[in-house]
Amino acid sequence: MEEEYEAMEPENEPIEVEYEISDEEIIDNATGIDTPIVGTTRKKATPGGSLYYAPIVDESLLPVVGKNYGTLDECEKMYRLYAFHACFDIRKSTQKTTKSGLVKQKYYLCNRGGVPMQVNFDTLQSSKKPIRKSNMECTGCRARVKFDWVYGTNMFILSDFQEHHNHELLPQEYRHLSKAERQMKYAEQLFVYHSSVSNIGPTKAYEVYSNMKGSEKNVHGTVTDFRNWRRDLNVFINASDSQMLVNKMEERKKYVPGFSFEYKLEKSQLHSIFWADEVAKCNYKEFSDIISFDVTYRTNRYNMKFVPFTGIDNHHRCVTVAAGLIRDETAESYTWLLTCFMKTFGKEPNMIVTDQDKSMAIAIKAVFKTAKHRLCMWHIMRKVPSKIQEAIPTIEDEVEKDFKNRLNKLVWNMYIEPNVFEERWEKLMHDFSLKNDSWFKHMFDIRSTWIPAYFIDTEMFGLMRTTSRSESENAFFSNFTRSAANLLTFMDGFESAMLKQRSKQESLDAQTIKKNPKLLTQLKIEKHALKVYTHAIFAIVQKEIYEALYSCLLDKMDKEEETEIYVVKEEKEKTKEGSNEEKQFFHYKNKNIEEIPEKYIMRRWRRDIIPPELRSRRNRYGNENIVVQDSVNEITSVVYDCVELVGSDENMLKVILEKLKLLKKEVEAQVPKPSKKNDDIIGNMIGVSKPSTIEIQNPPVGNYKGCANDKRLMSGKEKAIKESKKRKLTCGKCGRDDHNQRTCDKKKKAKEQAETSEI
């Protein structure tokens, strides 16, 4: 005979019911209730006055003692169905097993069974914080069922059933708040995760999901459950954040062609990462003439600095060609990042634009051999007001305004030679006595790194003169990242941002094909430009063609040997920018040239340089997961289409519902039951399982450059802004701000004496 491991049985003394109290009797004791209440329980009382409650449910749902309910899972399912209609929760309890581990007896109890834990606390003897107050659910309820194993089978029979509860049961209207109904389904869990990727918090996600479902009653879980699931996501990642990120990115190489990923460790801690996919590489191949990169902060919980590399595409919009995360802003970190950049692309950009960060300058000089490094003009020019105030404290407003106007016309001019710039700069400094000012002298010494005149020999040098493109991209990414995000969540947010950016590019490509702007002339060359360029670039070219037709006249024409010389006159005064192109189009018109010569059409502005199939590629999922995701989307769409077709026809809706339930049963019979463990669910959801060993540690939480320096020197502009924000105290008597109410009379007397002495 097999040995048994006896488990403690819950107490099960039968409840002796002496008499019943009807719902009406209890309702009559309530005051101020006009609407009759339909009871869902029979209330009974013992001679001692204790109340007990027996649920009122359909007889077909009542457990029957002695009946065979099948396997243990089926037994549990039966009792849960009964508890659902009776409006109480259940939980598993003790069991008896054989030596071989087979369950031979199993208890399921009301969730409010058991005795509340006793808490002892003395504020005089303990230095710990007081224990948090909480509501107790345990009432010692003895409602339960007991199942006994049928020897030689996997079946169980119901051997005991106690239906009476010592606590009030929830009304049907509150059933959605029961513990069983608050168990979030996969749909809710997935919605919280996708909301997190989209930088939407659990509270707002709950509000959105409730509105989608029509009411909070139709949502499995409360806002607290949504928050707890978000917490579980973070706990799952926690210490293995860096390891899971590296594992996920390395795994992606198997599914995404052309995906590049590099990482760097220091003392087993993640220090830096760099990545670029096939779409980014294609963008860099076509738009690598000018690249800007800048650092943005507060994108993850470790304070790692996010460094996106930004170019300009054929729609004249920002495009991200690569990205990286670095722990610090040292020259070594930037050098490593740019080395990865060169390893990935194998080609330097023609020009790279950054701010005045010295570490960046050192790294660029060390890695790039031919690319020109250009400093952001905006960062330099924004310092001018404070520098002029420091150099000439007594400068008048009109003089300062004149200086700024002359300086702006000089430094932003793209059409002057370096020697002309130097002459005009020297004259400007002489006129305002700034020759000996150290800051202006330094800016002149490094003029070749920021003045447009020194880049006129570089192709497309006027395309980007500031890091405003990078600043714009940083603002764009801030919609998908947050300072408390772990690295996996940050990467999901980055991929969402890329999907949105590329979706916009797809939309612009489609609009270029299916929509045509209105033509302004009858010239065939304008129609040819429409076929060649994207809409954004065509708008610029179209303006030049229009001006050539209506604003330019042939003043004189000569011929020297085989060369024809045309002198074109413009009817109205124009700036130099664009005038050469207008005269060129005027020449094409006179020569009846119907198409723009191929040699003058830059490939980067063409409408067809990025293949449509490449635009639509996704890098978030592996190849297999793309098929799965597409199937899931199609199934969901079909169900919604059926609901839309049926409309408000209740009978048809019931038919569809019954068919879906039958289909669900078939699927459950054919497909293994999925794991309900949080770790398995979350791992499947985020696309990477929790590693058994952690070789890559999370980076320490770092500081931003200058964030801990409270004694930083402030510019004159910053001081003025700070002073303007201070609240000024005024006198309570006269309202002036040069004294207070206590000294008001003294001020008046001093003023009167001064006036008397003058007389």
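Residues numbered from 1 in each chain as written. Predicted model: local features only at pLDDT ≥ 70, side-chain atom pairs only at ≥ 80, totals over all residues. Heavy atoms only, no water.

> Sorry, what's going on with helix α3 (residues 186-197) here?
Helical geometry: 3.6 residues make up each α-helical turn, so side chains three or four residues apart lie on a common side. Taking 1.5 Å per residue as the helical rise, α3 with its 12 residues ought to reach 16 Å, and the 16 Å between its terminal C-alpha atoms agrees with that figure. Restricting attention to buried positions, one finds in α3 the residues Glu188, Gln189, Phe191, Val192, Tyr193, Ser195, Ser196 and Val197. Close packing links the buried residues of α3 with α4 (202-213), α5 (223-237), α16 (487-514) and α23 (678-686). Asn199 sits one or two residues past α3 and shows a positive phi near 65°. (Helix = DSSP H or I, 4+ residues; strand = E, 2+ residues; numbered from the N terminus. Expected span 1.5 Å × (residues − 1). Buried < 20%, exposed > 50% of the residue type's maximum accessible area, 1.4 Å probe, protein only. Contact = heavy atoms within 4.5 Å.)

> Would you take a moment to explain the packing of α3 against α4 for this structure?
The relative placement of two packed helices comes down to the angle between their axes together with the axis-to-axis distance. Their axes nearest at 10 Å, the elements α3 and α4 cross at an angle of 130°. As judged from the angle between their axes, α3 and α4 are oblique. The way α3 lies across α4 gives a crossing that is right-handed. Between α3, through Ala187, Glu188, Phe191 and Ser195, and α4, the contact on the second element is made entirely by Ala205, Val208, Tyr209 and Met212. (Axes fitted to C-alpha atoms, helices over the stretch in contact; angles between N-to-C directions. Parallel < 35°, antiparallel > 145°, perpendicular 65-115°, else oblique. Left-handed = near helix turned anticlockwise from the far one by under 90°.)

> Even after reading the chapter, I still don't get a nonpolar patch on the surface, so can you show me in this structure?
On the surface, a cluster of nonpolar side chains totalling about 630 Å² of accessible area is made up of Ile635, Val639, Val643, Leu653, Leu660, Leu663, Val667 and Val671. Of all elements in the fold, only α21 (623-646) and α22 (650-670) reach the threshold of two or more residues within the nonpolar patch. Counting residues per element, the nonpolar patch draws most heavily on α22, at 4 residues. Note on placement: Val643 falls in helix α21. Taking the relative accessible area as the measure of exposure, Val643 reaches 41% and is therefore partly exposed. (Patch = residues over 30% accessible without salt bridge, like charges linked within 9 Å, V, L, I, M, F, W, Y side chains within 5 Å. Areas by Shrake-Rupley, 256 points an atom, 1.4 Å probe, with all protein chains shown as cover. Salt bridge = Lys/Arg side-chain N within 4 Å of Asp/Glu carboxyl O.)

> What is the right way to look at the packing of aromatic side chains in this model?
One pass over the full model with this rule turns up 34 aromatic pairs. Taking the centre distance of 5.0 Å and the plane angle of 85° together, the rings of Trp439 and Phe440 count as edge-to-face. Judged by relative accessible area, Trp439 falls into the buried class, the value being 14%. Judged by relative accessible area, which is 1%, Phe440 ranks as buried. Ring pairs connect the aromatic residues Phe274, Tyr284, Phe293, Phe309, Tyr334, Phe341, Phe345 and Phe368, which therefore count as one cluster. (Phe/Tyr/Trp six-rings, centres within 6.5 Å; stacked < 30°, edge-to-face > 60°.)

> Would you take a moment to explain α16 for this structure?
Between its first and last C-alpha, α16 extends 40 Å over 28 residues, near the 40 Å set by a 1.5 Å rise per residue. N-cap assignment for α16: the residue whose side-chain oxygen lies 3.4 Å from the backbone N of Leu488 is Asn486. (Polar contact = N/O pair within 3.5 Å; in protein donor to acceptor, adjacent residues only side chain to side chain.)

> Please clarify how the packing of helix α7 (residues 278-286) against helix α8 (residues 331-345) should be interpreted in this entry.
At a minimum axis distance of 11 Å, the contact between α7 and α8 shows a crossing angle of 85°. By the angle between their axes, α7 is roughly perpendicular relative to α8. Judged by residue contacts, Ala280, Lys281 and Tyr284 of α7 engage Phe341, Thr344 and Phe345 from α8. Its residues assigned to classes, the contact of α7 with α8 shows 4 nonpolar, 1 polar and 1 charged. (Nonpolar A, V, L, I, M, F, W, Y, C, P; charged D, E, K, R; others polar.)

> Is there a simple way to think about the sheet that holds strand β11 (residues 290-293) in this case?
Sheet strands pair via backbone hydrogen bonds, and the direction of the pair is either parallel or antiparallel. Strands sit in the order β9-β10-β13-β12-β11-β14-β15 across an open sheet of 7 strands; the sheet is mixed. Bordering the open sheet on either side are β9 (260-266) and β15 (372-375), each of which pairs with just one other strand. Pairs of neighbouring strands in the sheet enclose a mean axial angle of 20°, with direction left out of account. Of the pairings in the sheet, the one linking strand β12 (residues 305-312) to strand β13 (residues 318-326) comprises 8 bridges and is antiparallel in character. Residue pairing for β13: Val307 is matched across the bridge by Gly324. Along the sheet, α7 contacts β9, β10 (269-276), β11 and β13; its crossing angle with β13, the most-contacted strand, is approximately 120°. (Pairing = 2+ DSSP bridges.)

> Please explain the nonpolar core as it appears in this structure.
Nonpolar side chains in soluble globular proteins tend to be buried together. Grouped together as the largest cluster of nonpolar side chains are 45 residues, with contacts concentrated most on Trp229, Ile273, Trp275, Phe306, Leu325, Phe494 and Ile686. Discounting residues that sit within four places of it in the chain, Ile273 has contacts with Leu245, Phe261, Glu262, Tyr263, Ala323, Gly324, Leu325, Trp336, Leu337 and Met491. (Core = buried A, V, L, I, M, F, W, Y, C linked by side-chain atoms within 4.5 Å.)

> Would you mind going over the pattern of salt bridges with me for this structure?
For side chains of opposite charge, pairing can occur when their charged atoms come near one another. What the rule picks out here adds up to 23 salt bridges. Where Asp225 meets Arg182, a salt bridge forms, and the shortest distance between an N and an O atom there is 2.9 Å. Of this pair, Asp225 sits in helix α5 while Arg182 sits in the loop between β8 (156-162) and α3, and the two are 43 residues apart along the sequence. Two residues, Glu262 and Lys343, come together in a salt bridge whose shortest N-O distance is 3.1 Å. Here Glu262 is found in strand β9, whereas its partner Lys343 is found in helix α8, with 81 residues between them in sequence. According to the relative accessible area criterion, Glu262 is partly exposed, its value standing at 22%. In this structure Lys343 comes out as exposed when scored by relative accessible area, which is 61%.

> Help me out: how do you make sense of a positive patch on the surface in this one?
Judged by side-chain charge, Lys77, Lys185, Lys661, Lys664, Lys665, Lys673 and Lys676 come together as a positively charged surface patch. Within the secondary structure, Lys77 is located in helix α2 (residues 72-86). For Lys77, a relative accessible area of 61% gives the class exposed. (Lys, Arg positive; Asp, Glu negative; His and termini not counted. Charge placed at Lys NZ, Arg CZ, Asp CG, Glu CD.)

> What exactly am I supposed to notice about a negative patch on the surface here?
A surface patch of negative charge is lined by Glu396, Asp397, Glu398 and Asp402. As for its position among the elements, Asp397 is in helix α12 (residues 397-411). We classify Asp397 as exposed; its relative accessible area is 63%.

> Would you mind going over the pairing of β11 with me for this structure?
Side-chain positions along a regular strand alternate between the two faces of the sheet. Side-chain alternation along β11 places Ile290 and Ser292 on one buried face and Ile291 and Phe293 on a second face that is also buried. In the sheet, β11 pairs with strand β14 (residues 351-354) via 3 bridges, with the strands oriented parallel. Paired with Ser292 across the bridge in β14 is Val353. As defined by bridge partners, β11 adjoins β12 across 2 bridges and the pair is classed as antiparallel. Bridge pairing in β12 links Phe293 to Phe309.

> Help me understand the pairing of β9, please; the structure alone is not making it clear to me.
The sheet contact formed by β9 and β10 spans 7 bridges and is antiparallel. Bridge pairing in β10 places Lys264 opposite Ser272.

> What should I look at first to understand the state of the cysteines in this one?
When the sulfur atoms of two cysteines share a covalent bond, that bond is a disulfide. If you walk through the whole model with that rule in mind, you get 0 disulfides. Its sulfur unpaired, Cys138 is 9.5 Å from the next cysteine sulfur, which belongs to Cys110. (Disulfide = S-S within 2.5 Å.)

> Just to check I follow, could you spell out the confidence of the model for the chain for this structure?
Detailed reading of the predicted coordinates is not advisable wherever pLDDT is low. Summarising the model, the chain shows a mean pLDDT of 82, and 82% of its residues fall at 70 or more. Low pLDDT, under 50, characterises residues 1-39; the stretch is placed with 58 contacts to residues that sit more than four places away or in other chains. In this model, residues 574-578 is a region of pLDDT below 50 whose contacts with residues beyond four sequence positions or in other chains number 6 contacts. (pLDDT = per-residue confidence, 0-100.)

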